[in-house]
Amino acid sequence: MQTQLTLYQQRIQSKLQDLLSESLTFHTKVPAKLTDAIKYATLNNGKRLRPALLYAIGEALEIPLVQLDSSACAIELIHSYSLVHDDLPAMDDDDLRRGQPTCHIQFDEATAILTGDAQQTLAFQVLSHDETVSDHHKIKLIQLLSQASGVSGMIGGQMIDMQSEDQRLELSQLKILHSMKTGALIRTALMMGAVQSEHFASLQSTLSSLGDKIGLAFQVQDDILDIEADTDTLGKPQGSDQHANKSTFPKLLGLTQSKTYRDDLIRQAKADLIELQIHSPFLDKLIEYIAQRNH
């Protein structure tokens, strides 16, 4: 599993480097500071889980990787932009991300805001300009990504998260929050990976269910790691959720029950994968990795 994950990580890193080089380096009017900040925030040591899911489901459905590259870049750019903005003083006010100073610390707050804005627009630029993907599929891909990253997805979830600080949410409310904030992009990674398949319509419902389970399990593990891991391993401040008094699964359920809930979600996700009847040992292992990762 690790070998395949590394190959996907290397591929998306290379494609992002090429994209940024083409979009930024060759345009002399782009301020050097903005160029540096975009590269800094995009090309750091991320897990690249969303592109890996996208590539894996696409390959399992026999879609050429070259037709998946723009979608993989787009979803990682959206994810990276969300981290840049989440770290800002007005949001989570974090100083460390992926083991290095956050964008607003390394540069400044205004540059970080513009960096996130630029990453977001670059995501849709790379999707709309891909000559290997049909216009019909481009429209669907843009629809999926814009919905997942907008008010009914990631942005709405982030707003709920901010409003829920110092409050105790019910489990149903916490699941909705993270289904939007974290789960929407993970679910959409699977959908975008499958969109160009002739079988997409019949797979869509189960893919969405699989993405929901993976997204929630990912978040539950994040909440557990915020308690159990250390800052060096996490690459971001340990205990930041507790410090901000955020609603988390361990806070609501307790640590032991949170781990049980995470494991139940993983089992349900693997059942969804079986229902899809897609042969992908890598996806099976990647689902397990979500619950076993330490950062």
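My aim in this report is to walk through the structure given alongside it, one point at a time.

Definitions and cut-offs
Residues numbered from 1 in each chain as written. Predicted model: local features only at pLDDT ≥ 70, side-chain atom pairs only at ≥ 80, totals over all residues. Heavy atoms only, no water. Helix = DSSP H or I, 4+ residues; strand = E, 2+ residues; numbered from the N terminus. Phe/Tyr/Trp six-rings, centres within 6.5 Å; stacked < 30°, edge-to-face > 60°. Buried < 20%, exposed > 50% of the residue type's maximum accessible area, 1.4 Å probe, protein only. Lys NZ or Arg CZ within 6 Å of the ring centre and 35° of its normal. Salt bridge = Lys/Arg side-chain N within 4 Å of Asp/Glu carboxyl O.

Take unusual backbone geometry next. The phi angle at Arg-48 is positive, at roughly 60 degrees, despite the residue not being glycine. Residue position: Arg-48 is located in the loop between helix H2 (32-42) and helix H3 (49-60). Its identity is not glycine, yet Arg-98 carries a phi of approximately 55 degrees, on the positive side. By the secondary structure assignment, Arg-98 is in the loop between strand E1 (96-97) and strand E2 (100-101).

The description of two aromatic rings rests on the distance between their centres and on the angle between their planes. Evaluation of the coordinates by the stated rule reveals four aromatic pairs. Between the aromatic rings of Tyr-8 and Tyr-55, the centroid separation amounts to 5.4 Å while the plane-to-plane angle is 20 degrees, which identifies the pairing as stacked. Taken as a pair, Tyr-8 in helix H1 (residues 2-25) and Tyr-55 in helix H3 lie far apart in primary sequence, 47 residues in all. Residue classification places Tyr-8 among the buried positions, given a relative accessible area of 5%. Judged by relative accessible area, Tyr-55 falls into the buried class, the value being 0%. On the basis of an interplanar angle of 75 degrees and a centroid distance of 5.3 Å, the ring pair of Tyr-8 and Phe-282 is categorised as edge-to-face. Taken together, the residues Tyr-8 in helix H1 and Phe-282 in helix H16 (residues 281-292) connect sequence positions 274 residues apart. Both residues of the pair, Tyr-8 and Phe-282, count as buried. Pairwise contacts between aromatic rings join Tyr-8, Tyr-55 and Phe-282 into one cluster. Over the ring of Phe-218 we find Arg-293, and its NZ or CZ is 3.8 Å from the ring centre.

Turning to the pattern of salt bridges, a few remarks are in order. One pass over the structure, following the stated rule, counts 16 salt bridges. A salt bridge links Glu-228 to Lys-259; its shortest N-O distance comes to 2.7 Å. Of the two residues, Glu-228 sits in helix H11 (residues 200-228) while Lys-259 sits in helix H15 (residues 255-276), which places them 31 residues apart along the sequence. In this structure Glu-228 comes out as partly exposed when scored by relative accessible area, which is 44%. On the accessibility criterion, Lys-259 (26% relative accessible area) is partly exposed. Here Arg-267 ties to Asp-264 by a salt bridge, and the two come within 2.2 Å at their closest N and O atoms. Residue Arg-267 and its partner Asp-264 are located together in helix H15, separated by three residues, close to a single helical turn. Taking relative accessible area as the criterion, Asp-264 reaches 28% and is therefore assigned partly exposed. Here the residues in one salt-bridge network are Arg-11, Lys-15 and Asp-69, joined through shared partners.

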